[in-house]
Amino acid sequence: MQASTTDQATIDRITAKAMEEFFRFGIRSVSMDDISKLMGMSKKTLYKYFDNKKDLVHSVVRYKILQEVDVLDSVETQARDAIHEMVILSEHIIDHVSTIAPTVVIDLQKYYPQSWSHIQSFQREHLYKMIKSNVDRGILEGYYRNTLRPDIISKLYVSMCFII
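Q: Would you explain the overall build of the chain in this entry?
A: Across its full length, the chain carries eight helices and zero strands. Each helix and strand of the chain, ordered N terminal to C terminal, gives the series α-α-α-α-α-α-α-α. Across its three principal directions, the C-alpha atoms of the chain cover 60 × 35 × 25 Å. When the 164 residues of the chain are sorted by exposure, 40% land in the buried category. Taken as two groups, the 21 positive and 21 negative side-chain charges of the chain have centres that lie 6 Å from each other.

In structure tokens:
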């Protein structure tokens, strides 16, 4: 069933608020009751849009991935060269990581493995392609040594993001 424009706007507002709270306090620390109170709606209304917390978490992850895709695409277009692109990307990752409670990743891995696998897929696919493209670009522009292996550098960078 297709959500109406009004319903989709409500879903987006709930998702954005839930993401803010999850990132601040951790997923397990924020209840559906907390979200409904913050949104000024009853739990019954919240459950009209999300079947359960797992559904809400999955919506938050999809929403965040879409945001990240937009940010990463804009980084590629605004960068003057490969080095500038890597600086912008690194600054974004550092800023982003500093806004997320450490328990979020643990909560996702332990209690929401399907949502965690979406994040891993995003990092392995989209981020990997971006870094590989950056290394290829940097080699062509003469900023990076031509002996670098773009595939290995990309895998290392993505792994570093997982570690952070």
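On we go from here.
Q: So what exactly am I meant to see when it comes to a nonpolar patch on the surface here?
A: A contiguous nonpolar patch, built from Ile83, Val87 and Tyr143 and spanning about 260 Å² of accessible area, is present on the exposed surface. Along the chain, Tyr143 turns up in the loop between α7 (113–141) and α8 (150–163). Take Tyr143: its relative accessible area is 45%, and that puts it in the partly exposed class.

Q: Would you explain the environment of Ser36 in this entry?
A: Within the fold, Ser36 resides in helix α2 (residues 32–39). In this structure, the C-alpha to C-alpha distance between Ser36 and Ala18, residues 18 residues apart in sequence, is 9.5 Å. In this view, Ser36 contacts Met41, Ser42, Lys43 and Leu46; residues no more than four positions away in its chain are not counted.

Parameters and conventions
Residues numbered from 1 in each chain as written. Predicted model: local features only at pLDDT ≥ 70, side-chain atom pairs only at ≥ 80, totals over all residues. Heavy atoms only, no water. Helix = DSSP H or I, 4+ residues; strand = E, 2+ residues; numbered from the N terminus. Buried < 20%, exposed > 50% of the residue type's maximum accessible area, 1.4 Å probe, protein only. Lys, Arg positive; Asp, Glu negative; His and termini not counted. Charge placed at Lys NZ, Arg CZ, Asp CG, Glu CD. Patch = residues over 30% accessible without salt bridge, like charges linked within 9 Å, V, L, I, M, F, W, Y side chains within 5 Å. Areas by Shrake-Rupley, 256 points an atom, 1.4 Å probe, with all protein chains shown as cover. Salt bridge = Lys/Arg side-chain N within 4 Å of Asp/Glu carboxyl O. Contact = heavy atoms within 4.5 Å.

Everything listed here is a matter of geometry and, on its own, says nothing about what the molecule does.
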